[in-house]
Amino acid sequence: GEEEEEEDGGGSMHKMAAQVFETISEVIPSKHLMPLLLGLTATHSAAPDPSRRRAVLLILAVTSSGCADAFATELPRLMRVVYAGCEAPEAEVREAACLAIGLFAQSVHPEILEHYEKILPYLFEVLADARGDVQQRACYAIESFCEHLGSAILPFLSPLLDRLTSLLRTAPARPTQERCVSAIAAVAVAAKSDFAPFFDVVYGLMRYLLSQGAGEMLVLRARAMECVGLMCLAVGREASG
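Residues numbered from 1 in each chain as written. Predicted model: local features only at pLDDT ≥ 70, side-chain atom pairs only at ≥ 80, totals over all residues. Heavy atoms only, no water.

A. Representation of the overall build of the protein within the structure. Each helix and strand counted, the protein has 12 helices and 0 strands in total. Along its sequence from the N terminus, the protein presents helices and strands in the succession α-α-α-α-α-α-α-α-α-α-α-α. Taking 241 residues into account, the globule formula puts the C-alpha radius of gyration at 18 Å, and the protein, at 18 Å, falls close to it. With the C-alpha coordinates of the protein rotated into their principal frame, the extents come out at 55 × 35 × 30 Å. Evaluated residue by residue, the protein yields a buried proportion of 50% over its 241 residues. Counting every atom, the protein has about 11300 Å² of accessible surface; 53% of that belongs to carbon and sulfur. Across the protein, the centroid of the 20 positively charged side chains sits 1 Å from that of the 31 negatively charged ones. (Helix = DSSP H or I, 4+ residues; strand = E, 2+ residues; numbered from the N terminus. Rg over C-alpha atoms; globule rule 2.2 N^0.38 Å. Buried < 20%, exposed > 50% of the residue type's maximum accessible area, 1.4 Å probe, protein only. Areas by Shrake-Rupley, 256 points an atom, 1.4 Å probe, with all protein chains shown as cover. Lys, Arg positive; Asp, Glu negative; His and termini not counted. Charge placed at Lys NZ, Arg CZ, Asp CG, Glu CD.)

Written as C-alpha cells, this is what we have:
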C-alpha cells in the first residue's frame, strides 16, 4: 500500500487505527460506517494536535475504497478537510492529505474529477514542498488523479509539467525521481496529442535517466522507459519522431 511505516509510537498507533478502519470498511456497509467517519472528521480535523489531523486524513484515505459510494455523496465536505491538510504547517499532515487525494482518485471515481480545478492548484503547492517524502506523495497523488482526467488537464498542462520537470532535475532522492517520472507519464496519458509541445524536453530528461548504468538506478530506468512508451502512444508516431 501507499502508507509508510512510522517511527514514533503515536504515529504507529494512528496507523494501526487507520488499518482497523480499513478492515471495517470492507465488511460493514458504508451506511453504518459513514456517520462514524463524519463524526471523527468533525471532531478531529481541526484539532491542535497534528497527529490527530493526520490520523483523520489517513482513515479517510484507507476507507475510501470500502465506502466509495458514500464518499462520492459527501465528497465536497471531505475535500475541505483534505485541502486544509494540504495547507497544514506540518509535513506529516501535508503528506497524509496527498495520500488521501491519491486514494480518493482511485476509489471515488469519476466524482473526484469534478474537483480538479481546486485539487490541482493544491497539489502544485505541495509539489514545491521542501520535504522529499511530501514531494513523493504529491507525485503519487498527481499520478493517480491525472491518469483519469483527460482533456480537463489542458489548462494546467504547462505549469504542471514545468513543476514536474523541475522537480525531476533537482530532486536529490531516487524515490522522488521515480514518483516524478510516473506522474509525468500519467500527465502524458491524460493530455494525449496535446502533450506534443512538451515531448522533446521530457524525452531529453528520460534519455538522460536511461543512460544511467548504476544498478541502484534500475527502477528509475524502468519507469523512464515506461514513460517514453506512454508519451509516444499519447502523441502518436509522427509527433514522437
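Picking up after the structure, the text goes on.
B. Summary view of helix α3 (residues 50-63). For α3, built from 14 residues, the straight-helix expectation of 20 Å at 1.5 Å per residue is met to within 8% by its first-to-last C-alpha distance of 20 Å. Counting buried positions along α3 yields 11 of 14 residues, so the element is predominantly enclosed. Taken residue by residue, α3 has Arg53, Arg54, Ala55, Val56, Leu57, Leu58, Ile59, Leu60, Ala61, Val62 and Thr63 as its buried positions. (Expected span 1.5 Å × (residues − 1).)

C. Structural context of the pattern of salt bridges. Tallying each qualifying case throughout the model produces 6 salt bridges. Here aspartate 129 makes a salt bridge to arginine 94, at a shortest N to O gap of 2.5 Å. A residue pair is termed long-range when its members are at least 10 positions apart, and aspartate 129 in the loop between α6 (116-127) and α7 (132-146) and arginine 94 in helix α5 (residues 91-107) qualify at 35 residues. Each member of the pair, aspartate 129 together with arginine 94, is buried. (Salt bridge = Lys/Arg side-chain N within 4 Å of Asp/Glu carboxyl O.)

D. View of helix α9 (residues 174-191). The end-to-end C-alpha distance of α9, which contains 18 residues, comes to 26 Å, matching closely the 26 Å that a straight helix rising 1.5 Å per residue would cover. Looking one or two residues past α9, lysine 192 carries a phi angle of roughly 55°, positive in sign.

E. Molecular detail of the nonpolar core. Phe104, Leu164 and Met206 are the most contacted members of the largest nonpolar core, which has 85 residues in total. When residues in this core are grouped by element, the largest group, 11 residues, is from α5. Every residue in contact with leucine 164, bar those within four places of it in the chain, is listed here: Leu127, Cys139, Ile142, Cys180, Ala183, Ile184 and Val187. (Core = buried A, V, L, I, M, F, W, Y, C linked by side-chain atoms within 4.5 Å. Contact = heavy atoms within 4.5 Å.)

F. Local environment of the packing of α7 against helix α8 (residues 157-170). Direction vectors running N to C along α7 and α8 enclose 140°, while the axes themselves pass 12 Å from each other. On the basis of the axis angle, α7 is oblique to α8. Between α7 and α8 lies a crossing whose hand is left-handed. Facing Gln135, Cys139, Ile142 and Cys146 of α7, the residues of α8 in contact are Leu160, Leu164 and Leu167. (Axes fitted to C-alpha atoms, helices over the stretch in contact; angles between N-to-C directions. Parallel < 35°, antiparallel > 145°, perpendicular 65-115°, else oblique. Left-handed = near helix turned anticlockwise from the far one by under 90°.)

G. How the structure looks around unusual backbone geometry. A cis geometry characterises the amide bond from histidine 109 onward to proline 110, with omega recorded as 15°. Look at lysine 192: it is not a glycine, yet its phi comes out positive at around 55°. Its place among the elements puts lysine 192 in the loop between α9 and α10 (196-210).

H. Geometry of the packing of aromatic side chains. Applying the stated criterion across every chain, the model contains 6 aromatic pairs. Centre to centre, the rings of phenylalanine 71 and phenylalanine 104 are 5.5 Å apart; their planes meet at 85°, and the pair counts as edge-to-face. Highlighted residues: phenylalanine 71 in helix α4 (residues 68-86) and phenylalanine 104 in helix α5, separated in sequence by 33 residues. Relative accessible area serves as the criterion here: at 0%, phenylalanine 104 is assigned to the buried category. Aromatic side chains phenylalanine 124 and phenylalanine 156 sit 6.2 Å apart centroid to centroid with 65° between the ring planes, which places their arrangement in the edge-to-face category. Of this pair, phenylalanine 124 sits in helix α6 while phenylalanine 156 sits in the loop between α7 and α8, and the two are 32 residues apart along the sequence. Of the two residues, phenylalanine 124 and phenylalanine 156, neither departs from the other in class, the shared state being buried. Through pairs of rings, three or more aromatic residues link up here, namely Tyr116, Phe124 and Phe156. (Phe/Tyr/Trp six-rings, centres within 6.5 Å; stacked < 30°, edge-to-face > 60°.)

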